[in-house]
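Next come the chains, spelled out residue by residue.
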Amino acid sequence: MFADAEIVGLLRAKFVTVAVDEWYQHRQKDAEGEFYRKVAHQGPRNKPNETTQGLYAFTADGTLVGYTNHRSADRVKPLLKKALEAAADVEAPAVERGKADARFERTLPEGAAVVDVTSKVLGGYGEPKTAWEKAYQTSLGRDHLWIRRDEVLALEKGGMPESLARRMVRFHFIDNTRGEPPMWAADEVKELSLKLEGGRLAGKVRLETASGDRGFEAAVAGFVEAKDGKLARFDVVAKGQFRGEGRYTQNAPEGRFPFAVGFALADPGDAASKVPPQGARDLRDYLR
Amino acid sequence: MLAIVSALLLQIDFDALHRELRPPKDEAWRTIPWKLSVLDAREAAAREKKPVFLWSMNGHPLGCV
């Protein structure tokens, strides 16, 4: 849909746009969650234990105008046009926010650094049969890595903290190019050696499930700099052979395939950099 | 140790791969001013008299695939 200039133009000029990971809003027991469910449950995805993902257009008072889970311009444009007609002169009383549900709050810890993470399948796919398949085969998986302040300080002193190495491999050496991926459990980290010397990071990693149906063996290299308590550079790549897929990331290439993950400092001015890591759904495990 | 580091770095064309893994700078969806809270969106919509477009996914749309 974003390849359509009219849609992008309409969204920028005529709409207030919001993007959410529905895992949070669907569950939060606070004003944010209640308003989200008020809107979403007017649509076809209105069962409490099922996903509500999709595209919604609604007026400020929470009245749903339309819904689609399609991304094609010919489905989205009519939705937008209908919403523009419906939105005129809608009065919306203020919503009392009250206390946020702390179980679902994900705020960057003080002094922590944010790193963009991207991933890509580098080969192994057959010829795509549809445009949609082609899009998936060439897509970049995206996420963010949070680095705690004490870990930044350790990097500044010239060492690679074990906690950071484990967080990188367990939550970010994953194939998220086709959907929500399974992360690696602690005991699936079979081999991990990441060393930082003179600003150069290098090492290797081997990850594998107990059944052997999924695995990743990779070499890691990069450049890391921290100064005055702040991360100044975190340009890192991991490249190796991946195999397997997850429940929501099906249609991986057969057998072993080349796969890479890249890290670079996030732009703090980018709204997307405020999105918490996918792995932060279990915040304690993620930040440990 | 540094010899090992260098060898590993040389085995992969680091700069080219790091560049390949960076997202394009001109992605159209990035030009849209996304809010991250439906209540924030609702307040802005009421103030500006605009409808809301909500992109909801399993996995955050701005930080996922």
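Residues numbered from 1 in each chain as written. Chains lettered and ligands numbered in written order. Predicted model: local features only at pLDDT ≥ 70, side-chain atom pairs only at ≥ 80, totals over all residues.

Draft legend 1. Representation of the packing of helix α3 (residues 31–40) of chain A against helix α3 (residues 38–48) of chain B in the model. Orientation of α3(A) relative to α3(B), taken along the N-to-C sense of each, is 70°, at an axis distance of 8 Å. One finds that α3(A) runs roughly perpendicular with respect to α3(B). Here A:Ala31, A:Glu32, A:Phe35 and A:Tyr36 of α3(A) lie close against α3(B), whose contacting residues are B:Val38, B:Leu39 and B:Arg42. Residues that form the contact of α3(A) with α3(B) fall into these classes: five nonpolar, no polar and two charged. (Axes fitted to C-alpha atoms, helices over the stretch in contact; angles between N-to-C directions. Helix = DSSP H or I, 4+ residues; strand = E, 2+ residues; numbered from the N terminus. Parallel < 35°, antiparallel > 145°, perpendicular 65-115°, else oblique. Contact = placed C-beta atoms within 7 Å. Nonpolar A, V, L, I, M, F, W, Y, C, P; charged D, E, K, R; others polar.)

Draft legend 2. Representation of the nonpolar core within the structure. Of all hydrophobic cores here, the largest spans 44 residues; its most connected members are A:Val115, A:Ile147, A:Phe173, A:Leu201 and A:Val220. Each residue touching A:Val220, except ones within four places of it in the same chain, is listed here: A:Leu194, A:Leu201, A:Ala202, A:Gly203, A:Lys204, A:Val205, A:Val236 and A:Ala238. Ranked by size, the runner-up nonpolar core spans 40 residues in total, among them A:Leu80, A:Ala272, A:Val275 and B:Trp55. (Core = buried A, V, L, I, M, F, W, Y, C linked by C-beta atoms within 7 Å. Buried ≥ 20, exposed ≤ 12 C-beta atoms within 10 Å, placed from the backbone.)

Draft legend 3. Molecular detail of the sheet that holds strand β7 (residues 200–208) of chain A. Residue and element names in this part refer to chain A. Strands sit in the order β5-β4-β10-β9-β8-β7-β6 across an open sheet of seven strands; the sheet is antiparallel. The outermost strands of the open sheet, each flanked by one partner alone, are β5 (141–147) and β6 (189–197). Strand after strand, the sheet turns through a mean of 15° between neighbouring axes, direction not considered. Summarising the sheet, β7 and strand β8 (residues 215–227) pair through nine bridges and their orientation is antiparallel. Each residue of the ladder has a partner; that of Lys-204, found in β8, is Ala-219. Where helix α6 (residues 149–156) meets the sheet, its contacts fall on β4 (113–121), β5, β6, β8 and β9 (230–243), and the angle it forms with β8 comes to roughly 80°. (Pairing = 2+ DSSP bridges.)

Draft legend 4. Expanded view of the domain arrangement of chain A. Taken domain by domain, chain A holds domain 1 (5–103) and domain 2 (108–287). Each of domain 1 of chain A and domain 2 of chain A was reduced to a C-alpha centroid, and the two centroids are 31 Å apart. (Domains from an automatic or database assignment.)

Draft legend 5. Region of the structure containing the packing of helix α1 (residues 5–14) of chain A against helix α4 (residues 73–86) of chain A. Residues and elements named next belong to chain A. At a minimum axis distance of 10 Å, the contact between α1 and α4 shows a crossing angle of 30°. By the criterion of interaxial angle, the relationship of α1 to α4 is roughly parallel. In this structure, α1 meets α4 at a crossing whose hand is left-handed. Contacts between α1 and α4 involve Glu-6, Ile-7, Leu-10 and Lys-14 from the former and Ala-73, Val-76, Lys-77, Leu-80 and Leu-84 from the latter. Of the residues in the contact of α1 with α4, the class split is six nonpolar, no polar and three charged. (Left-handed = near helix turned anticlockwise from the far one by under 90°.)

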